[in-house]
Structures are given as C-alpha cells and as structure tokens.
Amino acid sequence: MLSERRLEVLRAIVQDYVGTEEPVGSKALTERHKLGVSPATVRNDMAVLEDEGYIAQPHTSAGRIPTDKGYRLFVDRLAGVKPLSTPERRAIHNFLDGAVDLDDVVGRTVRLLAQLTRQVAVVQYPSLTRSTVRHVELLALAPARLMLVLITDTGRVEQRVIDCPAPFGETSLADLRARLNSRVVGRRFADVPQLVQDLPESFEEAEDRATVSTVLATLLETLVEEHEERLMIGGTANLTRFGHDFPLTIRPVLEALEEQVVLLKLLGEAKESGMTVRIGHENAHEGLSSTSVVSVGYGSGGEAVAKLGVVGPTRMDYPGTMGAVRAVARYVGQILAES
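As annotated in an unreviewed UniProt entry, the protein chain is Heat-inducible transcription repressor HrcA from Streptomyces cinereoruber. A UniProt comment under Function (unreviewed entry) is attached to the protein chain, and it reads "Negative regulator of class I heat shock genes (grpE-dnaK-dnaJ and groELS operons). Prevents heat-shock induction of these operons." Recorded in UniProt under Sequence similarities (unreviewed entry), the annotation for the protein chain is "Belongs to the HrcA family."

Rendered as structure tokens:
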C-alpha cells in the first residue's frame, strides 16, 4: 500500500502531466504543489512509484509520466468527479432542449459531448430490447390497408404499412387499437408476444381474426427487426490534437473507431449503468491500447436503456471528462422521460 504522501505525489504528477503535456520532475512538483517535503524526499517517493509501476521515464526526458497503472489508481482513489459550472449546465440544457426527435437527441448529444470534452464522443441509440411500449397507433389508409405506428418510452417511432387479407372496418379498427394498447402499453418488448398471442381469438368474425393476426405479425416483426444496435460517433477530428499522445501513429485508433462491434464492446452492457473508466491496455482491442474510455448508462425512469461515452488519449482530464459524461447522460435521460 502506498502512503498518503506518495498518493499525493502521484496525484500531482498526473495533474501536471495532463495539464502541461510535459514529463514531470521533482523540482517542478515541489514548486507547483504544497507537498510539505523537500525535492529530495519527492525524488525518493517518485523512485518508489516508478519501482511499483505507477510512473515511468520516457527515454528522452529526466521527468516522469503516469503509466496505465498510475492512471487507474488516480481514477479509483484520487480523482473526484468534477461538477460542471452553472453556465456549462445551462448550455447543455439549452442545446439538448431543442431536439425534435430521437435522431436529433442522439445527434445533439454526440456533438455536445465532443465539444465539452474535446474527445471522440460515442452515443448508443436506446435499444428496443430494453424499451417499453408507450403507444400503438393504427390508421386506415384504404379499406384493406393500415399503417401501424409503434412509439417507445424512449421516443423512438417505427412505422409499417400493412396489407390486410380483407377490408377492416373503422369500428373493428378502433376496437383492435383499444384492446392492443390495453395489453401492451407500459410493457417491455420482450413480454409483448405472450401478451397478444390470444388477441385474434377475441374477435368474432373470421375475416377480422385474419386481419388481427396479420397486424400482430407485423408488430412482432418490428420488435425483432430493430434488435440491431445503432451508434453515432462524433468529434473524431479531436484526436488529431493529441497526435503525440499516440505511439507511432493515430491510424490504429481511427480504424478501431470505425468498427461498430468494437465500440459497442467498449461502451459495455447497458445494464451496467454506472460510470465505467477503461484505461489503456484494459481495452481489449489492440488499436485502442493507448486510449481511455469513459462511459455511463442513460435512460428514463432510472433504468439505463443505452450507453454513451468518450474515447481519448490516456493523458485525459479524468475528473472533468467523468463530470461531463455523467451530466450529459442525466440530461438525455430527462429528455427521454419528458418526450
């Protein structure tokens, strides 16, 4: 276990290196921070930190820089989440408040996160498999043609046109709409098939039963079709500001960011809704071993339906990034709840 003083020295090294981009020496540490000890003692503490793998010496410099292990200890024990200022919170609220639909919410969230953190922002669309039904609308387009509109609790809207086996009257349509909604509103998508399986039998006319079966088949297809996860990414150009933070070249990072499967794994399972910070080699994908990923779940009503986060170099302002990611996730959750 490291002593409190050595933890303070590590905190100071991380803060200085993130702020200055320069390897940190003992003299600079004692000048910039009130450590209460001499440069010789700080040098000794730095030697211990280096022996234990928390800091390292880049070959070109006499100073030291944090390792992945050093950043991990900093995040776990030394870094609080930095709250956003009142103007920042107001700006988030105003920017996201103008969104007109789910695509707009996700697009604005990506842009906002990239601007706030100056990193690459990744936002996962709310998954239908974790959503609940807000409303099912059925509209007559012609005597034997209907439109089904499915609205989820996250504001997602799916539309399908249905060709019916026989004409379906307005009274029957209103009846089906009412019965369908009474069974599925507020229920999880996964529960819907069981909830509606006997609905056709409750209609007396054989022709009506055939049409109800067709409508239900389309509804269930819609739930399955949208199982594929979708993502939006923004701010990739921000990585060019950190060229010297990536050994050799930035290319492996850019290639990894193009792979949706990699990004979904990076964000992690939506049900793990708490803040996750993966640092350097903790990221399984080789191309991302020089990056850190900060992610958190978002959703309405306290349950995460998807994840959002940022990808940047390991030399990251962790308290500020964690604060921004958490604040944006909360606002997106509020918008989904109100939409």
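**Student:** Describe the sheet that holds strand β5 (residues 145-152), listing the residues and the values that go with them.
**Tutor:** As summarised here, the arrangement of the 3 strands in space is β4-β5-β6, forming an open sheet in which the pairing is antiparallel. At either margin of the open sheet sits one strand with a lone partner, and together these are β4 (133-142) and β6 (157-163). Looking at each pair of strands side by side, their axes are set apart by 20 degrees on average, direction ignored. The pairing of β4 with β5 spans 8 bridges and is antiparallel. The partner of L138 across the bridge, within β5, is L148. Packing against the sheet, helix α7 (residues 170-184) makes contact with β4 and β5, and its axis sits at approximately 165 degrees to β4.

**Student:** Report on helix α1 (residues 4-20), specifying residues and quantitative values.
**Tutor:** Taking 1.5 Å per residue as the helical rise, α1 with its 17 residues ought to reach 24 Å, and the 24 Å between its terminal C-alpha atoms agrees with that figure. Each element contacted by the buried residues of α1 is listed here: α2 (26-32), α3 (39-51), β1 (55-56), β2 (65-66) and α4 (68-78). Once α1 finishes, E21 follows within two positions and takes phi at roughly 65 degrees, a positive value.

**Student:** An account of the nonpolar core is requested, with residue identities and associated values reported.
**Tutor:** If you look at the biggest cluster of nonpolar residues, it comprises 58 residues, and the most contacted ones within it are L29, L308 and Y318. Ranked by the residues each element gives to this core, the list is headed by helix α12 (residues 318-338), at 11 residues. Membership of the second largest hydrophobic core comes to 23 residues, among which are L150, C164, V212 and L219.

**Student:** Can you break down the sheet that holds strand β8 (residues 276-279) residue by residue, with the values?
**Tutor:** In spatial order, the strands read β7-β3-β10-β9-β8; together these 5 strands make up an open sheet with antiparallel pairing. A strand with exactly one partner marks an edge of an open sheet, and here the two such strands are β7 (231-234) and β8. Strand-to-strand, the axes of this sheet are offset by a mean angle of 15 degrees, without reference to chain direction. Inspection of the sheet shows strand β3 (residues 120-124) paired to β7 by 4 bridges, in the antiparallel sense. Its bridge partner lying in β7, Q124 is registered against L231. Helix α11 (residues 260-267) rests against β3, β7, β8, β9 (291-298) and β10 (306-313) of the sheet, and its axis sits at about 90 degrees to β7.

**Student:** Which residues make up the environment of V18, and what values do they have?
**Tutor:** Among the structural elements, V18 can be located in helix α1. Sequence separation between V18 and L112 is 94 residues, and the spatial gap between their C-alpha atoms is 22 Å. The residues contacting V18, other than those within four sequence positions of it, are Y71, R315, M316 and D317.

**Student:** Pulling in residues and values, what's your account of the side chain of N181?
**Tutor:** By the secondary structure assignment, N181 is in helix α7. Only 2.9 Å separates the side chain of N181 from the backbone oxygen of R177, close enough to count as a polar contact. Residues within four places of N181 in sequence aside, it is in contact with H135 and V136.

**Student:** Describe the packing of α1 against α4, listing the residues and the values that go with them.
**Tutor:** Two elements in contact, α1 and α4, have axes separated by 10 Å at closest approach and are oriented at 110 degrees. The angle between α1 and α4 falls in the class roughly perpendicular. Where α1 crosses over α4, the handedness of that crossing is left-handed. Two secondary-structure elements touch here, α1 through E4, L7, L10, R11, V14, Y17 and V18 and α4 through G70, Y71, L73, F74, R77 and L78.

**Student:** I'd like to hear about the packing of aromatic side chains, residue by residue, with values.
**Tutor:** If you walk through the whole model with that rule in mind, you get 1 aromatic pair. With centroids separated by 5.6 Å and ring planes inclined at 50 degrees, the aromatic side chains of Y71 and Y318 adopt a geometry described as tilted. Taken together, the residues Y71 in helix α4 and Y318 in helix α12 connect sequence positions 247 residues apart. Since its relative accessible area comes to 0%, Y318 is described here as buried. If you follow R108 out to its NZ or CZ, it ends over the ring of F95, 5.6 Å from the centre. Between R179 and the ring centre of F203, over which it is positioned, the NZ or CZ distance is 4.2 Å.

**Student:** I'd like a rundown of the pairing of β10, residues and numbers included.
**Tutor:** Consecutive side chains along a regular strand alternate between the two faces of the sheet. Counting buried residues along β10, 8 of its 8 residues qualify, which places the element largely inside the surrounding structure. Note: β3 against β10, 4 bridges, orientation antiparallel. Considered in β10, the bridge of V122 is made with G309. Pairing geometry for β9 and β10, over 8 bridges, is antiparallel. Residue T291 lies in a different strand from β10, and its bridge partner there is P313.

Criteria and thresholds
Residues numbered from 1 in each chain as written. Predicted model: local features only at pLDDT ≥ 70, side-chain atom pairs only at ≥ 80, totals over all residues. Heavy atoms only, no water. UniProt positions renumbered as here; feature names shortened; annotations may be inferred. Pairing = 2+ DSSP bridges. Helix = DSSP H or I, 4+ residues; strand = E, 2+ residues; numbered from the N terminus. Axes fitted to C-alpha atoms, helices over the stretch in contact; angles between N-to-C directions. Contact = heavy atoms within 4.5 Å. Expected span 1.5 Å × (residues − 1). Core = buried A, V, L, I, M, F, W, Y, C linked by side-chain atoms within 4.5 Å. Buried < 20%, exposed > 50% of the residue type's maximum accessible area, 1.4 Å probe, protein only. Polar contact = N/O pair within 3.5 Å; in protein donor to acceptor, adjacent residues only side chain to side chain. Parallel < 35°, antiparallel > 145°, perpendicular 65-115°, else oblique. Left-handed = near helix turned anticlockwise from the far one by under 90°. Phe/Tyr/Trp six-rings, centres within 6.5 Å; stacked < 30°, edge-to-face > 60°. Lys NZ or Arg CZ within 6 Å of the ring centre and 35° of its normal.

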